[in-house]
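Given next are the chains, with one letter for each unit.
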Amino acid sequence: MKVSDFIINRLQKKYTIDKDIDIENLNYVESGYVDSLGIIKFIVEIEDEFGIEFSDDEIADPSFKTVGGLIKLVERKVMNNE
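Residues numbered from 1 in each chain as written. Predicted model: local features only at pLDDT ≥ 70, side-chain atom pairs only at ≥ 80, totals over all residues. Heavy atoms only, no water.

The chain appears in an unreviewed UniProt entry as Carrier domain-containing protein from Caloranaerobacter azorensis H53214.

Listed below in structure tokens is the structure:
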């Protein structure tokens, strides 16, 4: 499964993302798609799906909380693991 499809599908578990929203810049935490308790589960699901691990610095980076930033990070980590 493509990284973008996996992440968007996980974010839409509870709520559908409106087609008019700029998905690249959507802050999924501030927008309520993932709450503070759900972020750990969300991170683990991504790590398990793609066989990667996020560092504390990566998780703390503001771009981690945008859909586009997260997709780019995961794609880069997957490429580095191959």
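So that's the structure; there's more coming.
Colleague: Can you walk me through the packing of aromatic side chains in this structure?
Modeller: Aromatic rings considered in pairs are described by the distance between their centres and by the relative angle of their planes. Tallied over the entire structure, the rule returns four aromatic pairs. Aromatic pair Tyr-28 and Phe-42: ring centres 5.3 Å apart, planes at 65°, arrangement edge-to-face. Placement of Tyr-28 in the loop between helix H1 (3-11) and helix H2 (38-50) and of Phe-42 in helix H2 is noted, with a sequence separation of 14 residues between them. No difference in accessibility class separates Tyr-28 from Phe-42, as the two residues are buried. (Phe/Tyr/Trp six-rings, centres within 6.5 Å; stacked < 30°, edge-to-face > 60°. Helix = DSSP H or I, 4+ residues; strand = E, 2+ residues; numbered from the N terminus. Buried < 20%, exposed > 50% of the residue type's maximum accessible area, 1.4 Å probe, protein only.)

Colleague: Is there a simple way to think about H1 in this case?
Modeller: Each full turn of the α-helix corresponds to 3.6 residues, which orients residues three or four apart in the same direction. Looking at H1, one finds that the buried residues are Val-3, Ser-4, Phe-6, Ile-7 and Leu-11. Across the axial projection of H1, the buried residues extend over an arc of 165°, all falling on one side. Its buried side turned inward, H1 meets H2 and helix H4 (67-81). (Arc of directions from axis to C-beta. Contact = heavy atoms within 4.5 Å.)

Colleague: Just checking my understanding: could you explain the UniProt feature "domain: Carrier" (unreviewed entry) in the chain for this structure?
Modeller: UniProt records the feature "domain: Carrier" (unreviewed entry) at residues 1-78, using the numbering of this structure. Taken as a whole, residues 1-78 contains 50% helix and 0% strand, while its terminal C-alpha atoms sit 12 Å from one another. (UniProt positions renumbered as here; feature names shortened; annotations may be inferred.)

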